[in-house]
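Descriptive structure summary
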Amino acid sequence: MSDHFIVVVPRDPTLVPTDDVQRRVIEALKRIVPDAENVAAEASLQVKFFDCGQNFARVLCPHCSSEMDMDWWQGRMNDDSDSLGFRLDSYEAPCCAKSVNLNELIYDWAQAFGRFSWTVQSPNIGKLTDAAKLELEGVAGFALVPIQQHV
């Protein structure tokens, strides 16, 4: 059996929204995804990785668009994390030698790092539309990364 979630994370991995913003985004998500089983918000003291589960396809370099070697990526994930979460240090990309941190990489399907998330359980919709993302960003007042998680 698999479960589907929409996880919405601030683009800024250190941002934790105010209680008012958290509440307003939950209300907007409930309007956008009215048949969802549950909508919740969660904050963390440390930066976590929000993955897309079985939807994971590949990782691309933001500088040259080359596909990143999965062994290199997994090594940087291991190097970058400890009991305090992810540091998001800069690393030299193996494809073009430019500096990049894990949050700057392009994930196919979307994934993100952050201290805060809204999670929609069993949303009963496909992908969150661009219009819905823009609406949520308008309510939040900052850029968001919607993640379609299939576990």
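Look a little higher up for the structure.
Here we summarise the structure given alongside this text. (Residues numbered from 1 in each chain as written. Predicted model: local features only at pLDDT ≥ 70, side-chain atom pairs only at ≥ 80, totals over all residues. Heavy atoms only, no water.)

Glancing now at the nonpolar core. V25, L29, W118, V120, L136 and L144 are the most contacted members of the largest nonpolar core, which totals 21 residues. Those elements giving two or more residues to this core turn out to be β1 (4-10), α1 (19-32), β9 (112-121) and α3 (130-140). Among the elements that take part in this core, α1 stands out by supplying six residues, more than any other. Other than its neighbours up to four places away in sequence, L136 contacts V25, A28, L29, I32, L128 and L144. Grouped together as the second largest cluster of nonpolar side chains are 17 residues, C61, M68, A93 and L102 included. (Core = buried A, V, L, I, M, F, W, Y, C linked by side-chain atoms within 4.5 Å. Buried < 20%, exposed > 50% of the residue type's maximum accessible area, 1.4 Å probe, protein only. Helix = DSSP H or I, 4+ residues; strand = E, 2+ residues; numbered from the N terminus. Contact = heavy atoms within 4.5 Å.)

A word on the side chain of Q149. Mapped onto the fold, Q149 is located in strand β10 (residues 144-150). A distance of 3.0 Å separates the side chain of Q149 from the backbone oxygen of D51, its partner in a polar contact. Residue contacts for Q149: discarding those within four places in its chain leaves D3, H4, F5, V7, D51, C52, G53 and N55. (Polar contact = N/O pair within 3.5 Å; in protein donor to acceptor, adjacent residues only side chain to side chain.)

What follows concerns unusual backbone geometry. Between D108 and the following residue, W109, the backbone shows a cis peptide bond with an omega angle of 0°. On the secondary structure map, W109 appears in the loop between β8 (106-108) and β9. Located in the positive-phi region is S65, a residue other than glycine, with phi close to 65°. In this structure, A97 is a non-glycine residue whose phi angle is positive, near 65°. Secondary-structure assignment places A97 in the loop between β6 (91-92) and β7 (99-100).

Another aspect to go through is the state of the cysteines. Covalent bonding between the sulfur atoms of two cysteines is what defines a disulfide. Using the criterion set out here, one finds zero disulfides in the structure. There is no disulfide at C64, and the cysteine sulfur nearest it, in C95, is 3.5 Å away. (Disulfide = S-S within 2.5 Å.)

Let's shift gears to helix α2 (residues 70-80). For α2, the full list of buried residues reads W72, W73, G75, R76, M77 and D80. Where α2 begins, one side-chain oxygen reaches toward the backbone nitrogen of D71, 3.0 Å away; that side chain belongs to D69.

Taken by themselves, the reported measurements are silent on function.
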